[in-house]
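This is what each chain is made of:
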Amino acid sequence: MVYLKSILCSIVLVSTLTANATDLNNVEFLIPETTGRSHMVIAPHPDDELLIAAGILYRATQVGEKAQVAILTNGDAFGYKRGKIATKESVDALKLLNVQEDNIFIFGYGDQLLDPLYLNKNNPDQVLTSQAKLKATEAFYGYKKTDYHRAIHGVPAAYTRNNFLNDMIALLTREQPTDIYAVVPEDTHPDHRAGTLFLFEALEKIKITLPTYRPTLHLTIVHAPGEDLVWPGEINRPDLMFTEPAFVKNSPYKWADIESIPVPYPMAIKDPKRNLKVLAIDLHKSKTKHDKFLYRFVRANEFFWKF
Ligand SMILES: [Zn+2]
């Protein structure tokens, strides 16, 4: 009986292989041409990746380009448990966009800690304590289901300026994304500003060690100066483009210079129950049950200043 079962298994296996071999003949027509581009979104908190570049990430997964996300803090400003939930929600929402968990790098630094770390230039090895009372990196999801430092070094990193900067340098050096998406340093959230300033510092250091690596930087904004309570406006408007935030007029940027990238079709669907970006944001339940801020970023496009 066991023998018969194994023969039957073999027949099934052979017929499967034959079917696959036939399918393989058509593979070159099925796989879209890739450009070799790889896209990495730098998210200060778990959820910013959707606001910065949900469409970019989803499109990349659809055309065979690499889609990666670095989440810098644990979103644990309101407690350790809330942070753990927030990072899980980010991973689940990204999976909905087909971003693989192994392409999500969770740094595991404390929410609200990036600015104090960044400013601590005179004491870069001083260990700071987060609002969630942690002193070292920790995460349970994403690449190797742990924080990035532990994933590559086997041990967590104490919350110091040097450790954060070195984690950023290590990630960019190892992955070398061709396109990096982040917020401008004018973003009013201190973690957002500091995350981008750390990114700039890391890229400057990498220029010395890896002079051939020259990624394209795409910078947008999440918390617009003076307009955080009103911009980008109404929630869930995939029929409208982002409008110019007021701060741009007195900034180094020009609205006429933006690259405006339409969101992929599933994110342009008017019905919020079917719109992919809305569905991804819905998975951030711990935030959206109190506040609809994230839905304000459901628009017809995503915009960046390119450097
Ligand atoms: Zn944020």
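About the cut-offs
- Residues numbered from 1 in each chain as written.
- Predicted model: local features only at pLDDT ≥ 70, side-chain atom pairs only at ≥ 80, totals over all residues.
- Helix = DSSP H or I, 4+ residues; strand = E, 2+ residues; numbered from the N terminus.
- Buried ≥ 20, exposed ≤ 12 C-beta atoms within 10 Å, placed from the backbone.
- Contact = placed C-beta atoms within 7 Å.
- Core = buried A, V, L, I, M, F, W, Y, C linked by C-beta atoms within 7 Å.
- Pairing = 2+ DSSP bridges.
- Axes fitted to C-alpha atoms, helices over the stretch in contact; angles between N-to-C directions.
- Expected span 1.5 Å × (residues − 1).
- Bend = angle between axes of the 7 residues up to and from the residue.

Colleague: What is the right way to read the environment of Ala43 from this model?
Modeller: Tracing the sequence through the fold places Ala43 in strand S1 (residues 38-43). For Ala43, a count of 30 C-beta atoms within 10 Å puts it in the buried group. Distance in space between the C-alpha atoms of Ala43 and Val69 is 7.1 Å, their sequence separation being 26 residues. Dropping the residues within four chain positions of it, Ala43 is found in contact with Asp48, Glu49, Ile52, Val69, Ala70, Ile71 and Leu72.

Colleague: Could you clarify how one ought to interpret the environment of Ile221 in this entry?
Modeller: Position of Ile221 relative to the elements: it lies in the loop between strand S5 (216-220) and strand S6 (259-262). For the pair Ile221 and Pro185, spaced 36 residues apart in sequence, the C-alpha separation works out to 8.6 Å. Not counting residues within four places of it along the chain, the set of residues in contact with Ile221 comprises Val183, Val184, Glu186, Asp187 and Pro245.

Colleague: Sorry if this is basic, but what is going on with the nonpolar core here?
Modeller: One broad trend across soluble globular proteins is that nonpolar side chains are buried collectively. Ranked by size, the top nonpolar core spans 68 residues in total, and within it Val41, Ile42, Ile52, Leu57, Ala70, Ile104 and Tyr181 carry the most contacts. Per-element tally for this core: the top contributor is helix H3 (residues 48-62), with nine residues.

Colleague: Sorry, what's going on with the sheet that holds S5 here?
Modeller: Backbone hydrogen bonds hold the strands of a sheet together, and the pairing may be parallel or antiparallel. Pairing is mixed across the open sheet formed by seven strands, whose spatial order is S3-S2-S1-S4-S5-S7-S6. What marks the edges here is a single partner per strand, and that holds for strand S3 (104-109) and S6. For this sheet, the mean angle separating the axes of adjacent strands, direction not counted, is 25°. Note that strand S4 (residues 179-183) and S5 share five bridges and pair parallel. Bridged to Ile180 within S5 is Leu217. Along the sheet, helix H7 (residues 161-175) contacts S1, strand S2 (66-73) and S3; its crossing angle with S3, the most-contacted strand, is approximately 170°.

Colleague: So what exactly am I meant to see when it comes to helix H4 (residues 80-96) here?
Modeller: Turn by turn, an α-helix covers 3.6 residues, leaving residues three or four places apart pointing in a common direction. Along its 17 residues, H4 runs 25 Å from first to last C-alpha, staying within 8% of the 24 Å computed at 1.5 Å per residue. Residues of H4 that are buried: Gly83, Ala86, Thr87, Glu89, Ser90, Val91, Ala93 and Leu94. Turning to H4, the residues buried within the fold contact H3, S2, S3, helix H10 (276-282) and helix H11 (285-288). One or two positions beyond H4, positive phi appears at Asn98, with a value near 75°.

Colleague: Teacher, can you tell me more about unusual backbone geometry here?
Modeller: Keep in mind that most residues, glycine aside, have a negative phi and that most peptide bonds are trans. At the junction of Trp231 and Pro232, the peptide bond is cis and its omega measures out at 5° in the coordinates. A positive phi angle, near 75°, is found at Asn98, a position not held by glycine. Residue position: Asn98 is located in the loop between H4 and S3. We classify Asn98 as exposed; it has 12 C-beta atoms within 10 Å.

Colleague: When you look at the environment of Val222 in this model, what are you seeing that I'm missing?
Modeller: Looking at the element boundaries, Val222 is found in the loop between S5 and S6. Remark: the alpha-carbon pair of Val222 and His192, spanning 30 residues in sequence, is separated by 8.5 Å. Those residues in contact with Val222 that sit more than four places away from it in its chain are Asp48, Leu51, Ile52, Val183, Asp187 and His192.

Colleague: How should H3 be read in this particular structure?
Modeller: For H3, built from 15 residues, the straight-helix expectation of 21 Å at 1.5 Å per residue is met to within 8% by its first-to-last C-alpha distance of 21 Å. Bending of H3 peaks at approximately 75° at the position of Ala54. Taken across its 15 residues, H3 has 13 buried, putting it largely inside the fold. In the segment just after H3, Gly64 is the residue with positive phi, at about 80°.

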